[in-house]
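# Structure at a glance
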Amino acid sequence: MTRTALATPDDEPPRRARKKKSTKRRFGRVRQLPSGRYQARYAGPDGVDRPAPETFATKTDAEVWLTKIEAEILDGDWIDPDAGKIKFGKYAQDWIDERPNLRPRTIELYGYLRRTHLVPTFGEKAMNEIKEPHIRRWRKKLLDGGVSEVTVAKAYRLLKAIFTTAVDDQLIKRNPCRIKGAGQEKSAERRVLSVPQVYKLVEVIEQRYRALVLLGTFASLRWGELAGLQRRDVDLHAGAIRVERQLIQITGKGLVFTDPKSEAGKRTVVIPELIIDELRAHLKDFTQEGDEGLVFAGPDNGPIRNSNFNRRVWPKALEDAGLPKIHFHDLRHTGNNLAANAGASIRELMTRMGHSSTRAAMIYQHSTDERQREVARKLDDLARGALKDRSGT
């Protein structure tokens, strides 16, 4: 009887090795590099196959990154990483050029800020390379270098506006300008002249500029508005000045007539009777002929230029009057304060100043010490009167 041999494991036929299941991702691909790190790639909505901007320590990290990219694409939040490679200098210039409604002086200011304070730091950087730390270091460097806080605030506001548009254009995801309060201008308190000081200036300044000082003060007009005044704008019978335009110096273009700074800048300003005789004499002796003749003309009977006036006339007048160094524009500040102390409301101040918002007008509603003492005296009289009434005496 033949025994059937018991089968042993070694006698079993060899089993086929099981194939390892490959898990193919629905979106993107991950592969391990010779370095041991992992690379992620994906096809964007535009059909272009792109790698992640960096490699990952683990496969899981790479897959998590791909999941986030897929979610952005599905939500419509995906941004083409190549779009943000445009250099800041070019994008900033295009940003200025593509705004047709900017005023000439604003274009000049933006060009100066871009050229002097933005391009030296960011000009050759790609838009998507500029991050929050770069903005902080740039701002600190300007301030440490002696650039005024007002100029730095203007440059920061322009930089932030440019990046806001870049977000809208889907060049970057997030505006890197996130410094709280960096765009707020904190100008030094402007000096206010007293009325006697204003008239001291009028007494010593060249005759043809006396009316300029008076209107700059009592009509609160800007330099450009004064330079652009024409005969037809002055109604001495009504005691009013009509502001329709301004004459300003534009680099590369010379003196240019433009509209006032805003629509509210076109206005009628009523002037005090005190200065009308001086204006009448000025119109007779120094104003150009004809309805469109400039009210304020230089010694050559041409337009007055701010640069010439500030170099030749204004410093001498301040010295002769024994006054500290102030800007001509401070006369407007003086006039605004006088109007506020005379009881002008915020709306009335806005009209005189040519402003469309209340912010600037409210500055002049802050009471001066003299006004506070006047209020205190009136309160004292009211309180004394009320006490007398109560006591019956």
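See the structure printed just above.
All of the points below concern the structure found in this document. (Residues numbered from 1 in each chain as written. Predicted model: local features only at pLDDT ≥ 70, side-chain atom pairs only at ≥ 80, totals over all residues. Heavy atoms only, no water.)

Time to look at unusual backbone geometry. The backbone of Gln170 sits at a positive phi, close to 60°, despite the residue not being glycine. Structurally, Gln170 is set in the loop between helix H5 (149–168) and helix H6 (195–204). (Helix = DSSP H or I, 4+ residues; strand = E, 2+ residues; numbered from the N terminus.)

A sheet is described by the order of its strands in space; here three strands give the open sequence S1-S2-S3, paired in antiparallel fashion. Pairing within the sheet leaves two strands with one partner each, and these edge strands are strand S1 (29–32) and strand S3 (49–51). Within the sheet, the average angular offset between the axes of one strand and its neighbour, ignoring direction, is 25°. Strand direction decides the pairing type here: strand S2 (residues 38–43) and S3, joined by three bridges, are antiparallel. Residue pairing in the sheet places Ala43 in a bridge with Asp49 of S3. The sheet contacts of helix H1 (residues 59–75) involve S1 and S2, and relative to S2 the element is tilted by about 20°. (Pairing = 2+ DSSP bridges. Axes fitted to C-alpha atoms, helices over the stretch in contact; angles between N-to-C directions. Contact = heavy atoms within 4.5 Å.)

Bringing the pattern of salt bridges into the picture now. Applying the stated criterion to the full structure yields 26 salt bridges. For Glu185, the salt bridge identified is with Lys154, shortest N-O distance 3.0 Å. With a gap of 31 residues between them, Glu185 in the loop between H5 and H6 and Lys154 in helix H5 connect regions that are remote in the sequence. With relative accessibility at 31%, the residue Glu185 sits in the partly exposed group. What makes Lys154 partly exposed here is its relative accessible area of 26%. Between Lys284 and Asp285 there is a salt bridge whose closest N-O contact spans 3.5 Å. On the basis of relative accessible area, Lys284 is assigned to the exposed category, the value being 70%. Counted as one network, the salt bridges with shared partners bring together Asp46, Arg50, Asp80, Asp82 and Lys85. (Salt bridge = Lys/Arg side-chain N within 4 Å of Asp/Glu carboxyl O. Buried < 20%, exposed > 50% of the residue type's maximum accessible area, 1.4 Å probe, protein only.)

In terms of nonpolar packing, the biggest core is built from 43 residues, with Leu201, Leu212, Leu215, Phe296, Phe309 and Trp314 touching the most fellow members. Beyond its immediate stretch of four places on either side in the chain, Leu201 contacts Leu193, Trp314, Ala317, Leu318, Ala321, Leu323 and Leu331. Judged by nonpolar contacts, the second largest core, of 25 residues, contains Tyr91, Ile96, Ile172 and Cys177. (Core = buried A, V, L, I, M, F, W, Y, C linked by side-chain atoms within 4.5 Å.)

Honestly, it's all geometry; don't read function into it.
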